[in-house]
Amino acid sequence: MTASTRESVGVSPGAKWAVGGAIAGGSVAGLLGAGSSALAVYFARRVITPARQRAADKEVLAVIRDGQKLQVILAANDDTTVDGVYGFFFDGGKGHARIGRIVSYSPAERTVLREVEAVYSGDLSTARWGWWSGATYPDPAAVGIPAEDVLIPVERGEAPAWLVRAKGTARTWAIMVHGRGATRQEALRAVGPALELGLTSLLVSYRNDGLAPSADDGRYGLGSTEWQDIEAAIGYALANGAEEVVLFGWSMGGAICLQTADLSRHRHLIRAMVLDAPVIDWVTVLAHHAQLNRIPSLVGRYGQLMLGHPLGRRLTGLSAPVDLKVMDWVSRAVELRTPTLIIHSVDDEYVPYGPSALLAERNPEMVTFETFNHARHTKEWNVDPERWERLVKAWLRQQLAPRLNPGSGLTPGRMAESPAQPTQAGG
């Protein structure tokens, strides 16, 4: 592990929890000034409160029609100037287009011309602002994959899911868990590889994602509560023919999968996990976002304490504290006993990749780590779908093969095509 990688991890595990009881014995004003306290409350609430609307921060400058083909001129920024295929949502999310390769880029004018591969809904020619996404398809039909709409019984009702059946009788199901602020559309990228492996896929929704019933407090648990909905999904799979499952998770979905593998009564049936840009350690992620938003480190730390302390519930609106320590898988690395493939871009602007690298370093028996470059957050497939799918299929084929005899010298986390670990191949 390089020094730069270690530095990206942030606060040492021993120091993270040193101030854990700071708010128990004194008033807010005794720890921070009134202005800083208000900022800490705001920061904490932003972390756990689902956004009603994504920020439309990508500007459409022009749409050009060339016969049957469309091209779009966008304001150039860190997202729109990366080659690959992406989703573009506009008109408050009612419009959805698939944006393809870069045709031309003008650094001087700060514009980029890209192909429009498809417009699924809305009128792109009237769009002026929208948001960039890794979700390139709106539903399984757009991918050309037959699917069923099913409902999974959860705590407060029923959670919609897409069920994509493999041919024949599939004893292993893939349960796919999207990230914070995303939907099950995010997981459509993985359905093709899963089908090739003979896996039936269940693309789930979970509390507070806009499809599943909301939690009673309407707040994210950052994985500490959402895993119960994945537990329900595993139960649904087992009741409908599955004998074991593979968990796929993106971003916060990765944190949810890790909690599921730790706490589920069915954890012995979780054969493997594939995690894309997962949150391995929330403290590092929250410290990163505090820094990005120019929030003083002490204020950001106090916001974290409010999330985990019983007294903080009155300020955050949480019905129960969120234990960030129990979701720190860098510190708990040796406790992870489920073979896990982690794919993470080194330039991830939202979830730093350092904790993923450290988890693989501390538990090489169980964790295989593959890096991408220039993919930013959860867009590794978008940048290089062939490599992403090749890695996932090769690794899962090994995990799903008949169990090896003890003493064979091969471990569950070892990649068939990548013997060294972790690798540093570019995307």
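Residues numbered from 1 in each chain as written. Predicted model: local features only at pLDDT ≥ 70, side-chain atom pairs only at ≥ 80, totals over all residues. Heavy atoms only, no water.

A.B. asks: Where do I start with the overall build of the protein chain in this structure?
C.D. replies: Helix and strand counts for the protein chain come out as 14 helices and 14 strands. A burial count over the protein chain gives 53% of its 427 residues as buried. Taking the intrachain contacts of the protein chain between residues at least 6 apart in sequence as the baseline, contacts between residues at least 24 apart amount to 74%. Total accessible area on the protein chain is roughly 18,200 Å²; 51% of this is exposed by carbon and sulfur atoms. (Helix = DSSP H or I, 4+ residues; strand = E, 2+ residues; numbered from the N terminus. Buried < 20%, exposed > 50% of the residue type's maximum accessible area, 1.4 Å probe, protein only. Contact = heavy atoms within 4.5 Å. Areas by Shrake-Rupley, 256 points an atom, 1.4 Å probe, with all protein chains shown as cover.)

A.B. asks: What is the right way to read the confidence of the model for the protein chain from this model?
C.D. replies: Atomic detail in the predicted coordinates should be set aside for any region of low pLDDT. Summing up the model confidence of the protein chain, the mean pLDDT is 88 and the portion of residues at 70 or higher is 86%. In the predicted structure, residues 1-31 sits below a pLDDT of 50 and forms 46 contacts with residues beyond four places in sequence or in another chain. With pLDDT under 50 throughout, residues 406-427 is counted as low confidence; its partners more than four residues away or in other chains account for 49 contacts. (pLDDT = per-residue confidence, 0-100.)

A.B. asks: Just to check I follow, could you spell out helix 9 (residues 282-292) for this structure?
C.D. replies: Within an α-helix, residues lying three or four positions from one another point in the same direction, as the helix has 3.6 residues per turn. Of all eleven residues that make up helix 9, eight are buried, and the element is covered over most of its length. Sitting at the amino-terminal end of helix 9 is Asp281, which places a side-chain oxygen 3.1 Å from the backbone nitrogen of Val283. Directly after helix 9, the chain includes Arg294, whose backbone phi takes a positive value near 55°. (Polar contact = N/O pair within 3.5 Å; in protein donor to acceptor, adjacent residues only side chain to side chain.)

A.B. asks: Help me out: how do you make sense of the packing of aromatic side chains in this one?
C.D. replies: Two descriptors summarise a pair of aromatic rings, namely the distance from one centre to the other and the angle between the planes of the rings. Applying the stated rule across the entire model yields six aromatic pairs. Here Phe88 and Trp132 contribute two aromatic rings whose centre-to-centre distance is 6.2 Å and whose plane-to-plane angle is 65°, an arrangement assigned as edge-to-face. You can see Phe88 sitting in strand 3 (residues 86-90) and its partner Trp132 sitting in strand 6 (residues 129-133), a full 44 residues away along the chain. One exposure class covers both Phe88 and Trp132, and it is buried. The ring of Phe372 carries the charged tip of Arg387 above its face, separated from the ring centre by 4.1 Å. (Phe/Tyr/Trp six-rings, centres within 6.5 Å; stacked < 30°, edge-to-face > 60°. Lys NZ or Arg CZ within 6 Å of the ring centre and 35° of its normal.)

A.B. asks: Any chance you could explain the pattern of salt bridges here in plain terms?
C.D. replies: Charged atoms that come close allow side chains of opposite charge to pair. For the structure on display, the rule yields 19 salt bridges. Salt bridges sharing common partners tie together Asp57, Lys58, Asp79, Glu349 and Arg376. (Salt bridge = Lys/Arg side-chain N within 4 Å of Asp/Glu carboxyl O.)

A.B. asks: Explain the sheet that holds strand 13 (residues 340-345) to me, please; I cannot follow it from the model alone.
C.D. replies: The strands that make up a sheet are held in pairs by hydrogen bonds between backbone atoms, and each pair lies either parallel or antiparallel. Sheet architecture is open: eight strands sit in the order 7-8-10-9-11-12-13-14, paired in mixed fashion. Because the sheet does not close on itself, it has two edges, and the strands there are strand 7 (148-154) and strand 14 (367-372). Averaged over all pairs of adjacent strands, the angle between strand axes in this sheet comes to 20°, irrespective of strand direction. Strand direction decides the pairing type here: strand 9 (residues 172-177) and strand 11 (residues 244-250), joined by six bridges, are parallel. Paired with Ile175 across the bridge in strand 11 is Leu247. Together, strand 7, strand 8 (157-164), strand 9, strand 10 (200-204), strand 11 and strand 12 (270-276) form the strand contacts of helix 7 (residues 227-239), whose direction differs from that of strand 7 by roughly 120°. On top of the sheet, helix 12 (residues 354-362) reaches strand 13 and strand 14; it is set at about 145° to strand 14, its chief contact. (Pairing = 2+ DSSP bridges. Axes fitted to C-alpha atoms, helices over the stretch in contact; angles between N-to-C directions.)

A.B. asks: Got a minute to help me understand the sheet that holds strand 4 (residues 95-106) in this structure?
C.D. replies: Strand order in the closed barrel formed by six strands is 1-2-5-4-3-6, and the pairing between neighbours is antiparallel. Each strand of the sheet is rotated relative to its neighbour by a mean of 45°, with strand direction disregarded. Where strand 4 lies against strand 5 (residues 111-121), eight bridges are found, and the strand directions are antiparallel. Counterpart to Ser104 in the pairing with strand 5 is Leu113.

A.B. asks: Help me out: how do you make sense of unusual backbone geometry in this one?
C.D. replies: The general pattern is negative phi for most residues beyond glycine and trans for most peptide bonds. Look at His374: it is not a glycine, yet its phi comes out positive at around 70°. Summarising the element assignment, His374 is placed in the loop between strand 14 and helix 13 (380-383). Given the relative accessible area of 57%, His374 is considered exposed. With a phi angle near 60°, Arg376 is a residue other than glycine that sits in the positive phi range. As for its placement among the helices and strands, Arg376 is situated in the loop between strand 14 and helix 13.

A.B. asks: Before we go on, may I ask you to explain the packing of helix 7 against helix 8 (residues 252-263) in this structure?
C.D. replies: A packed helix pair is summarised by two numbers, namely the angle formed by the two axes and the spacing between the axes. Interaxial distance between helix 7 and helix 8 falls to 9 Å at its minimum, and their mutual angle equals 65°. Here helix 7 is positioned roughly perpendicular relative to helix 8, judged by the angle of their axes. In the packing of helix 7 onto helix 8, the handedness of the crossing is right-handed. When helix 7 is examined against helix 8, the residues Trp227, Ile230 and Ile234 are found in contact with a partner set consisting of Ile256, Gln259, Thr260 and Leu263. Here the residues of the contact of helix 7 with helix 8 are counted per class, giving five nonpolar, two polar and no charged. (Parallel < 35°, antiparallel > 145°, perpendicular 65-115°, else oblique. Left-handed = near helix turned anticlockwise from the far one by under 90°. Nonpolar A, V, L, I, M, F, W, Y, C, P; charged D, E, K, R; others polar.)

A.B. asks: Can you walk me through the pairing of strand 6 in this structure?
C.D. replies: A regular strand carries its side chains on alternate faces of the sheet. Most of strand 6 sits inside the fold, with four of its five residues counted as buried. Direction of pairing for strand 1 (residues 58-66) relative to strand 6: antiparallel, over a ladder of two bridges. Bridge assignment links Lys58 to a residue of strand 6, and that residue is Gly130. Across four bridges, strand 3 lies against strand 6 in antiparallel orientation. The partner of Phe89 across the bridge, within strand 6, is Trp131.

A.B. asks: Just checking my understanding: could you explain the side chain of Asp276 for this structure?
C.D. replies: Among the secondary structure elements, Asp276 is positioned in strand 12. For the buried Asp276, no salt bridge exists, and the shortest N-O distance to an oppositely charged side chain is 6.0 Å, to Arg189. Among residues more than four places away in sequence, those in contact with Asp276 are Gly249, Trp250, Ser251, Ile343, Thr378, Glu380 and Trp388. (Lys, Arg positive; Asp, Glu negative; His and termini not counted.)

A.B. asks: So what exactly am I meant to see when it comes to helix 10 (residues 297-308) here?
C.D. replies: With twelve residues, helix 10 should reach 16 Å at 1.5 Å per residue; the first-to-last C-alpha distance of 17 Å fits that figure. Of all the positions in helix 10, only Val299, Gly300, Tyr302, Gly303, Gln304, Leu305, Met306 and Leu307 are classed as buried. (Expected span 1.5 Å × (residues − 1).)

A.B. asks: Even after reading the chapter, I still don't get the nonpolar core, so can you show me in this structure?
C.D. replies: Generally speaking, soluble globular proteins have nonpolar side chains that are buried together. Counting 69 residues, the largest nonpolar core has Ile175, Leu202, Leu222, Leu247, Met273 and Trp282 as the members making the most contacts within it. Not counting the four nearest positions on each side in its chain, Trp282 is found in contact with Leu222, Met252, Ala255, Leu324 and Met327. Grouped together as the second largest cluster of nonpolar side chains are 47 residues, Val82, Trp132, Leu188 and Trp381 included. (Core = buried A, V, L, I, M, F, W, Y, C linked by side-chain atoms within 4.5 Å.)

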